[in-house]
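Residues per chain are reported as follows:
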Amino acid sequence: MFQEIWTLLARWHALDTWIVITGALAAMACTLPGCFLVLRGQSMMGDALSHTTLLGIVSAFVAAHALRQSGWLSEDSYVLARHAMMFGGAVLIGILSALLTEWIQKLGRVEASAALGVVFTIFFALGLLLMRVAADNVDVDPDCVLYGTVETAYVGVGVPIAAVVNGGMLLANLLLVALFFKELRICAFDPAMANCQGIPARAMHYALMAVTAATVVAAFESVGAILVIAMLITPAATGFLLTQRLAPMIVVSLAVAASAALLGHAMAITLPAVIFSRLGFDSVRDASSAGMMAVACGLLFAGAIVFSPGQGILSRAMARFGWQWRVLSEDLLGLLYRLEERQLEHHAQKARRVLAQAMGVSNLSSWLAVRRLLWLGEVAATD
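Residues numbered from 1 in each chain as written. Predicted model: local features only at pLDDT ≥ 70, side-chain atom pairs only at ≥ 80, totals over all residues. Heavy atoms only, no water.

Okay, the overall build of the protein chain next. The helix and strand tally for the protein chain stands at 16 helices and zero strands. Burial statistics for the protein chain: of 383 residues in total, 43% are counted as buried. About 20,200 Å² of surface is accessible on the protein chain, with carbon and sulfur atoms providing 66% of the total. (Helix = DSSP H or I, 4+ residues; strand = E, 2+ residues; numbered from the N terminus. Buried < 20%, exposed > 50% of the residue type's maximum accessible area, 1.4 Å probe, protein only. Areas by Shrake-Rupley, 256 points an atom, 1.4 Å probe, with all protein chains shown as cover.)

Below you can see the structure in the form of structure tokens.
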């Protein structure tokens, strides 16, 4: 199996390299605003924006096509104008989504998640409806919009446009984070304190929504509107599990995003052929790279859940066991001390079993407690 995977990876081409680069740039660009969404407890807002901006993207695309058909845009300026309008439409819809969510929450007196669910389902449905209606007249592929076309990013000449767009968005997000790091950090952890210090927390919130929406536009052509949520939240949530400080969290999240792109594409070109050939489906040779990148993000997050040094399942289980071991050792030491006070040293050999029965623990746990006391020098073994 491993030899087969290695053989498939040996066929690595320049196309594969550019797919990974484009996917990594898109993932890292999405991760930066995603870190602050996770810290602010607004992960679902990122999910909503990845859906609601579809309406702005499709509306701008249709409008640009109409302007070209009417002669307002030439063929040379159409591509540039289309991308600019898509960015503007997505940013506008992103801010409008945040405003409508707050308005519905206050007017209808419903919880934030319910208001958010109302807004993003309506906007996403309108975007899908408009895309389906315009699909016959406009060069827009619903599958391309929803699932991305990272495999076709490289055409064999020069640097792919998708890599340039996502790379530019990544640099812009890095610059914004560097310039407003203090403001973003304070607003993420304590908006009330930010307002007291003269930092407009509400304006920072809308700015974050606008940046997130713009990032979604940059990434949707390569990873798709639906899969953007995996890049927005999952690497940031993984970084949150692995560190307790903001700056290291951002660095770790970016590393996770880039690793997910590489691992995901490698899985896409190897695992389907290896797995399905054994099931009798020899025609299945690969899978969607964007989809497998999302799967890789999930696998890395699952690994963080298990092996995180501070919050992982394994570390918490070991800490809980260590604490129980310490308590049992101290109880055993106390019992031995009381036996010695009463001059009942001959009962000391039974102390471990008596304590195990009294506390309802196994003989192995009580034996480990004795080993700990011996290692610490609190007790001494006698013949």
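Looking now at the environment of Ala60. Tracing the backbone shows Ala60 in helix H3 (residues 43–69). On the basis of relative accessibility, which here comes to 6%, the residue Ala60 falls in the buried class. Sequence-distant contacts of Ala60, that is, excluding residues within four places in its chain, are made with Met85 and Met86. (Contact = heavy atoms within 4.5 Å.)

Right, let's talk about the packing of helix H2 (residues 14–39) against helix H12 (residues 246–278) for a bit. At a closest axis distance of 8 Å, the pairing of H2 and H12 adopts a crossing angle of 145°. The handedness of the crossing between H2 and H12 comes out as right-handed. Residue classes in the contact of H2 with H12 are distributed as 19 nonpolar, four polar and one charged. (Axes fitted to C-alpha atoms, helices over the stretch in contact; angles between N-to-C directions. Left-handed = near helix turned anticlockwise from the far one by under 90°. Nonpolar A, V, L, I, M, F, W, Y, C, P; charged D, E, K, R; others polar.)

Before going further, it helps to spend a moment on a nonpolar patch on the surface. Residues Val118, Ile122, Leu126, Leu129 and Val133 make up a contiguous nonpolar surface patch of about 430 Å² in total accessible area. For Leu129, the location among the structural elements is in helix H5 (residues 112–134). (Patch = residues over 30% accessible without salt bridge, like charges linked within 9 Å, V, L, I, M, F, W, Y side chains within 5 Å. Salt bridge = Lys/Arg side-chain N within 4 Å of Asp/Glu carboxyl O.)

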